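Residues per chain are reported as follows:
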Amino acid sequence: MEYLLNEKKTEIVFQNDFRIAFQKETKKVFLIDKKVYQLFENELGKIIDGASFLIYASEEKKSLKTIEQIYRFLGENNVNRSSIIIGIGGGITTDITAFAASTYKRGCRLILIPTTFLGMIDAAIGGKTAVNFEGIKNSIGTFYPAEKVFIIPKYLTKLPEKEIKNGLIECIKIALIKPSKLYDILISNKGKITSEILKLAIDLKLDICEKDLEDKNERKHLNLGHTFAHILESISNYKISHGTAVSLGLRAAAKMSLQSGYIDDANYKKIIYVLDYFKLPDKIPEKYKKRIRENGLEILLQDKKATSRINVVFFNGFQSVFIKEIIEPNIILEALDNFI
Ligand code: GLY
């Protein structure tokens, strides 16, 4: 599968095993999630044939300090613009690797090998790179698509149930944004992740990124459920996971769309059906609702996506969404209070 992202070709390569042939003559270095390295040491031996830097993947380490350490590692290994930097791991690792590759010497060659479901269908594809800064997630970054992304579904076999669920929720989100058979296939596979599901989800996202790499128009649709999710993650000090927060955000967006008359009851039921089918959360504890009432507005206005206005993605059909500017932010907080 090949895509053109701002005239830069990005190729998605499906592999059944870990034997990946990178060009022999080119200098390569590897940035690898330490946990992934420990889990797959034998198999990774077939891939790694260059210096490697292990990343302790956490939100705290997704920082400019880690980037400085990586720049030093790249310098020590004489990396230049024609060298290939290869990132292997989940979303934190691929975001960090891509940011370092995009800025070191004004841009080195980049290959990503995502090892989580979420990484395969979202974080590692579409060219967003990021680190956190002063407590704000992903506030520093670039758009820099990898020239190749290798998808090795075998990595999913050792993924904890929680991680599969996080990926599944983003997969459901993309299945609700645009017409495709992904919605029906997710349900008929009863949660089993197949290469067909991965391919469909990747294709839906990259089709959007081809039209709007820099997140100015249609790519914003990928934020479906995320305005609500961000508030839920923040007020719970990240005790509500991103996946759970997005699934609750999808429910809130669907209910607000119904109440505003953008969708009818039949479409609302179809949207909710898939969330119920996978038994995704539909409520938050009262203590969090209290915090939303007390601090929600402050969090909402801090949101990195909020400029002077707040744009929320609503449904205007089944597998159809649009962006609406919200003038009165309290209605978002009220939706969280009343709908979940
Ligand atoms: N994860 C949303 C995006 O790539 O735009």
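Check the entry above for the structure.
This one's a predicted model, so the numbers in the text were calculated from it and none came from an experiment.

**Student:** Even after reading the chapter, I still don't get the site of the ligand, so can you show me in this structure?
**Tutor:** Surveying the vicinity of the ligand reveals the residues D122, K128, K205, R219 and L222. The contact in question runs from a nitrogen atom of the ligand to an N or O atom on the side chain of D122, over 3.1 Å. Contact distances for the ligand include 2.9 Å between an oxygen atom and a side-chain N or O atom of K128. Relative to its free-state accessible area of 200 Å², the ligand is covered by the protein chains to the extent of 82%. Along the lines of polarity and charge, the residues of the shell around the ligand split into 1 nonpolar, no polar and 4 charged.

**Student:** Before we go on, may I ask you to explain the packing of helix α3 (residues 64-76) against helix α4 (residues 91-103) in this structure?
**Tutor:** Relative orientation and spacing of two packed helices are given, respectively, by the angle between their axes and the distance between those axes. Close contact between α3 and α4 brings their axes to 10 Å; oriented N to C, the two are set at 55°. Taken as axis vectors, α3 and α4 run oblique relative to one another. The way α3 lies across α4 gives a crossing that is right-handed. Taken together, the residues of α4 that come into contact with α3 (itself represented by L64, T66, I67, I70 and Y71) are I96, F99, A100 and T103.

**Student:** Honestly, the environment of F339 in this entry has me stumped. Any pointers?
**Tutor:** For F339, the position within the fold is in helix α13 (residues 330-339). Ignoring anything within four residues of it in the chain, the contact list for F339 reads A252, K255, M256 and Q259.

**Student:** Which parts of the structure should I look at to understand the pairing of strand β9 (residues 148-151)?
**Tutor:** As paired strands, strand β2 (residues 8-14) and β9 are joined by 4 bridges and run parallel to one another. By the bridge assignment, V13 is partnered in β9 with F150. Where strand β6 (residues 109-114) and β9 come together, 2 bridges link them in parallel fashion. Counted as the bridge partner of L112 is V149 from β9.

**Student:** Just to check I follow, could you spell out the packing of aromatic side chains for this structure?
**Tutor:** Each pair of aromatic rings is reported with the distance of its centres and the angle of its planes. The full count for this structure, using the stated rule, is 13 aromatic pairs. Consider the rings of Y262 and F322, whose centres lie 4.9 Å apart with planes at 85°: the pair is edge-to-face. Remark: F322 occurs in strand β11 (residues 320-326) and Y262 occurs in the loop between α10 (242-259) and α11 (265-277); sequence separation between them is 60 residues. Here the aromatic rings of F314 and F322 are separated by 6.1 Å at their centres, their planes lie at 35°, and the arrangement is tilted. By way of ring pairs, the aromatic residues F18, F40 and Y155 are connected into one cluster. The ring of Y144 has K8 sitting right over it, with the charged end atom 4.0 Å from the ring centre. Over the ring of F40 we find K158; its NZ or CZ atom is 5.0 Å from the centre of that ring.

**Student:** I would appreciate a short explanation of empty space enclosed by the protein in the present structure.
**Tutor:** Taking a probe equal in size to a water molecule and rolling it over the atoms shows the remaining empty space. Under the criterion given, the structure shown has 4 cavities of 30 Å³ or more. The calculated volume of the largest cavity comes to roughly 80 Å³. For the lining of the largest cavity, the secondary structure elements donating two or more residues are α4 and β6. In the lining of the largest cavity, the residues fall into 11 nonpolar, 4 polar and 2 charged.

**Student:** Even after reading the chapter, I still don't get the sheet that holds β9, so can you show me in this structure?
**Tutor:** Strand pairing in a sheet relies on backbone hydrogen bonds, with the paired strands running either antiparallel or parallel. The strand order across the open sheet built from 7 strands is β1-β2-β9-β6-β5-β3-β4, with neighbouring strands paired in mixed fashion. Single-partner strands in this sheet number two, and they are β1 (2-5) and β4 (51-55). Averaged over all pairs of adjacent strands, the angle between strand axes in this sheet comes to 20°, irrespective of strand direction. Packed onto the sheet, α4 meets β3 (28-33), β4, β5 (84-89) and β6 and runs at close to 165° relative to β5. Taken strand by strand, helix α8 (residues 195-211) contacts β1, β2 and β9, and its axis lies near 25° from that of β1.

Rules behind the numbers
- Residues numbered from 1 in each chain as written.
- Predicted model: local features only at pLDDT ≥ 70, side-chain atom pairs only at ≥ 80, totals over all residues.
- Heavy atoms only, no water.
- Near = heavy atom within 4 Å.
- Polar contact = N/O pair within 3.5 Å; in protein donor to acceptor, adjacent residues only side chain to side chain.
- Areas by Shrake-Rupley, 256 points an atom, 1.4 Å probe, with all protein chains shown as cover.
- Nonpolar A, V, L, I, M, F, W, Y, C, P; charged D, E, K, R; others polar.
- Axes fitted to C-alpha atoms, helices over the stretch in contact; angles between N-to-C directions.
- Helix = DSSP H or I, 4+ residues; strand = E, 2+ residues; numbered from the N terminus.
- Parallel < 35°, antiparallel > 145°, perpendicular 65-115°, else oblique.
- Left-handed = near helix turned anticlockwise from the far one by under 90°.
- Contact = heavy atoms within 4.5 Å.
- Pairing = 2+ DSSP bridges.
- Phe/Tyr/Trp six-rings, centres within 6.5 Å; stacked < 30°, edge-to-face > 60°.
- Lys NZ or Arg CZ within 6 Å of the ring centre and 35° of its normal.
- 1 Å grid on protein atoms, 1.4 Å probe; cavity = no way out; pocket = protein on both sides within 12 Å on 5 of 7 lines; lining within 4 Å.
- Points joined across faces, edges and corners; volume = space filled by probe spheres on them.

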